[in-house]
Structures are given as structure tokens and as C-alpha cells.
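If you want the building blocks of each chain, they are given just below.
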Amino acid sequence: MSARRRIRILLRYGWASPCSLIGLLLVPAVFLSGATVRVVAGTLEVAGGRIAAWISRLPHCLRFSAITFGHVILADNYASLAVHREHERVHVRQYERWGILFLPLYCGSSLIQLLQGRNPYLDNRFERQAREYKQSSKA
Ligand SMILES: [Zn+2]
């Protein structure tokens with residue numbers, strides 16, 4: 001691997017690291033609940049344990065099967081993670097592109113959709129991009 005490529009990788013991880021830190025802060029609690037942690041293709045995948053039970057306590061509009069914070073992907077279980085991995089990896093690339101700006105941009109996109117009477121999750125530009133990428137990669 002060339003030095004230039006290594007620097008690019010370091011910059012991508014560094015730029016996304018404040019968001020990855022949010023996911024990393026959740027890891028000890030989910031790990032102690034029985035979740036397992038794997039390193040897969042440059043991301044930390046965390047699933048199982050009490051994650052599904054904790055997600056079920058969230059308000060219905062905030063529940064998820066998998067969620068990404070930088071290079072950390074959390075999922076209720078590994079079967080769900082297998083289904084959503086490709087989608088979540090698009091979000092990883094979005095974090096690498098937008099870095100610390102990703103979370104406010106994501107929330108802003110949801111707010112704009114909500115104010116325009118659309119679905120703040122399904123119509124969010126980053127979610128649409130993740131779905132479009134997944135569909136185009138299967139074509
Ligand atoms: Zn998504």
C-alpha cells in the first residue's frame with residue numbers, strides 16, 4: 001500500500017472519528033449486555049445482547065434494526081446486520097465524506113422533509129442515497 005493511500009485512509013477515519021466516537025461510547029454497555037463485536041472491512045460491527053430489547057423501548061418513530069455512527073455499526077442481531085450491512089456501509093462512506101458535518105446535515109435533511117410534509121426518514125436525502133446505491137449495486 002502506498003504512503004499516499006495510507007494517508008487518505010487515515011484522513012477518512014480521522015474526519016469521521018468524532019461520529020465514530022459516539023458509537024464507540026455505546027460499545028461497553030452493549031458488550032456487557034452480551035453483544036458481540038467484530039471488525040468487518042474496516043468497520044466495527046456490534047450486534048446481539050440486549051440491543052434489540054433496548055431498541056424496543058424507544059419511541060416507535062426512533063426504532064431501528066441497524067444504525068451507523070462513523071465506522072461503528074450497531075444492529076439488533078447479526079441476521080439483521082446481514083440484511084442491512086450494505087445500506088449501513090453506504091452511511092459509512094457518507095460519514096467519510098461529510099465527517100463531523102454528517103449528523104447535522106442528516107438531521108437537517110430530515111427536518112426539511114418533515115416541514116415539507118414528507119417522511120423525515122424515508123425522504124431524507126442520505127437515506128434515499130443509501131437505498132439508491134443498494135438498488136444500483138444489484139442491477
Ligand atoms: Zn439508513
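Structural data are supplied above this passage.
## With respect to the coordination of the zinc ion
Donor atoms from the polypeptide that coordinate the zinc ion comprise His87 (NE2), His91 (NE2), Glu127 (OE) and Glu127 (OE), at 2.0 to 2.6 Å from the metal. Here the zinc ion binds four donor atoms, and the angle range of 54 to 146° at the metal identifies the geometry as irregular. For the zinc ion, all donor residues lie on one chain, and their spacing in sequence is H-x3-H-x35-E. Residue histidine 91 is found in helix α3 (residues 78-98), and its partner glutamate 127 is found in helix α5 (residues 125-138); the two are separated by 36 residues along the sequence. With respect to class, histidine 91 is no different from glutamate 127; both count as buried.

## Digging into the side chain of histidine 71
Along the chain, histidine 71 falls in the loop between β3 (66-69) and β4 (72-75). Setting aside residues no more than four positions away along its own chain, histidine 71 makes contact with Arg12, Tyr13, Ala16, Ser20, Gly42, Thr43, Leu44, Val92 and Glu96.

## Observations regarding the pairing of strand β2 (residues 43-48)
In terms of residue burial, β2 counts as a mostly covered element, since six of its six residues are buried. As judged from the six bridges shared by strand β1 (residues 35-40) and β2, these two strands associate in the antiparallel manner. Within β2, the position partnered with valine 39 by the bridge is leucine 44. Hairpin connection, β1 to β2: the antiparallel pair is bridged by two residues, and alanine 41 has positive phi, about 45°. Two elements, β2 and β4, share four bridges in a ladder whose sense is parallel. Bridge assignment links valine 46 to a residue of β4, and that residue is leucine 74.

## Describing the pattern of salt bridges
In total, this model carries two salt bridges according to the counting rule given. The partner of glutamate 96 in a salt bridge is arginine 12, with the nearest N and O atoms 3.2 Å apart. Of the two residues, glutamate 96 is situated in helix α3 and arginine 12 in helix α1 (residues 3-32); the sequence distance between them amounts to 84 residues. Residue classification places glutamate 96 among the buried positions, given a relative accessible area of 15%. Looking at arginine 12, the relative accessible area reads 32%, which means it is partly exposed. Ionic pairing is found between arginine 85 and glutamate 45, a salt bridge with its closest N-O pair at 2.7 Å. A residue pair is termed long-range when its members are at least 10 positions apart, and arginine 85 in helix α3 and glutamate 45 in strand β2 qualify at 40 residues. On the basis of relative accessibility, which here comes to 23%, the residue arginine 85 falls in the partly exposed class.

## Thoughts on helix α4 (residues 102-115)
Residues three or four positions apart in an α-helix share a direction because the helix packs 3.6 residues into each turn. If you check α4, its first and last C-alpha atoms are 20 Å apart, about what 14 residues at 1.5 Å a residue would give, namely 20 Å. For α4, the full list of buried residues reads Phe102, Tyr106, Ser109, Ser110 and Gln113. The buried residues of α4 occupy an angular sector of 95° when the element is viewed end-on, so they sit on one face. Relative to its buried face, α4 has exposed residues pointing more than 90 degrees away, namely Pro104, Cys107, Leu114 and Leu115. Of the residues trailing α4, glycine 117 is marked for its positive phi of about 80°.

Rules used in this analysis
Residues numbered from 1 in each chain as written. Predicted model: local features only at pLDDT ≥ 70, side-chain atom pairs only at ≥ 80, totals over all residues. Heavy atoms only, no water. Donors = N, O, S within 2.8 Å, 3.2 Å for Na, K, Ca; no water. Tetrahedral: all angles 85-135°; square planar, octahedral: opposite > 155°, others 65-115°. Helix = DSSP H or I, 4+ residues; strand = E, 2+ residues; numbered from the N terminus. Buried < 20%, exposed > 50% of the residue type's maximum accessible area, 1.4 Å probe, protein only. Contact = heavy atoms within 4.5 Å. Pairing = 2+ DSSP bridges. Salt bridge = Lys/Arg side-chain N within 4 Å of Asp/Glu carboxyl O. Expected span 1.5 Å × (residues − 1). Arc of directions from axis to C-beta.

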